[in-house]
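Okay, here's what each chain looks like letter by letter:
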Amino acid sequence: MTVYFIGAGPGDPDLITVKSRGLIERCPVCLYAGSLVPEAVVAFAPKDAIVKDTAAMTLDDTHAEIKAAHERGDDVARVHSGDPSLYGAIAEQIRRLRADNIPFEIIPGVPAYAAAAAAIGQELTIPEIAQSIVLTRMSMQSTGMPEGETLDNFGRTGATLCIHLAIRNMRAIERELTPHYGEDCPVVVIYRASWPDQIIIRGTLKDIRKKVRAEKITRTALVMVGPALAEGHDFVDSALYDPTKPHVLRPVVGVDLIEPNNT
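Here is a short report on the structure shown in this document. (Residues numbered from 1 in each chain as written. Predicted model: local features only at pLDDT ≥ 70, side-chain atom pairs only at ≥ 80, totals over all residues. Heavy atoms only, no water.)

**Focus: the overall build of the protein**
Thought 1: When helices and strands are tallied, the protein shows 8 helices and 10 strands.
Thought 2: Across the 263 residues that make up the protein, the buried fraction comes to 41%.
Thought 3: Taking the contacts inside the protein whose residues are at least 6 apart along the sequence as the reference set, 67% of them involve residues at least 24 apart. (Helix = DSSP H or I, 4+ residues; strand = E, 2+ residues; numbered from the N terminus. Buried < 20%, exposed > 50% of the residue type's maximum accessible area, 1.4 Å probe, protein only. Contact = heavy atoms within 4.5 Å.)

**With respect to a positive patch on the surface**
Thought 1: Residues Arg-171, Arg-175, Lys-210 and Arg-213 make up a contiguous surface patch of positive charge.
Thought 2: When its relative accessible area of 53% is taken as the criterion, Arg-213 is described as exposed. (Patch = residues over 30% accessible without salt bridge, like charges linked within 9 Å, V, L, I, M, F, W, Y side chains within 5 Å. Areas by Shrake-Rupley, 256 points an atom, 1.4 Å probe, with all protein chains shown as cover. Salt bridge = Lys/Arg side-chain N within 4 Å of Asp/Glu carboxyl O. Lys, Arg positive; Asp, Glu negative; His and termini not counted. Charge placed at Lys NZ, Arg CZ, Asp CG, Glu CD.)

**So, the sheet that holds strand 6 (residues 133-137)**
Thought 1: Ordered in space as 6-7-10-8-9, the 5 strands form an open sheet in which the pairing is mixed. Two strands close off the open sheet at either side, each with one partner strand: strand 6 and strand 9 (199-204). Strand after strand, the sheet turns through a mean of 20 degrees between neighbouring axes, direction not considered.
Thought 2: Bridge count between strand 8 (residues 186-191) and strand 9: 6 bridges; the pairing is antiparallel. Counted as the bridge partner of Tyr-191 is Ile-199 from strand 9.
Thought 3: Sitting on the sheet, helix 8 (residues 208-215) touches strand 8 and strand 9, and the angle it makes with strand 9 is about 155 degrees. (Pairing = 2+ DSSP bridges. Axes fitted to C-alpha atoms, helices over the stretch in contact; angles between N-to-C directions.)

**Structural notes on unusual backbone geometry**
Thought 1: In this model, Leu-165 sits at a positive phi of 50 degrees, which is unusual for a non-glycine residue.
Thought 2: With respect to the helices and strands, the residue Leu-165 is situated in the loop between strand 7 (160-164) and helix 7 (170-181).
Thought 3: Although it is not a glycine, Lys-216 adopts a positive phi angle of roughly 60 degrees.
Thought 4: For Lys-216, a relative accessible area of 71% corresponds to the exposed category.

This is the structure we're talking about:
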């Protein structure tokens, strides 16, 4: 048997990969994070499958279910939101699987920041404005952040910041990032990206906290900060399609390719 850590995507059942859906459809056991994965995703499971919401379960509980499936020879679809590699809490699960010699595979999924960018209709890496994306989070009630991984340090880069688990700490975001980005820097908050009740809030470091409070959003939201998020600002075209910058698949415009003489 194999345990499949499946990235179910940000919420929209149509954003799950073909491979992930196929695994859910054939695995006799399906364990899913019900607080973040909609039931429509696990509705693909076989009618006689064991389907359990792990939201109220402990690590010991979920591992016991997997061990029981291993003894029966049943494959397990362990369904997580977004992509399992990002805040999926799969590392501690994998450690236990390895200790018990239980095979596993990781199936990637669409991460929340990608769904959020699609929802607002923007690229996050704009030429000469921002060419890097920082995926980070804030501690709050979760495990602490490593030394050096602070908003203050990330803000010094000028990159596009995608901040998870931060919606209840907007004041700190404003305080720590304003010195680096300025109070007029664009901020976008996306609540439940790709879900039917998705909410998009646009603002700046100066006013976003007030706008979020007015919407009464307290969880399941991604905060994105950076100059690349501005709507309609001027920027240079990338070099990707520049006719004056040839590459292996495109010669300089106006220059004919000479066929090599093989005689």
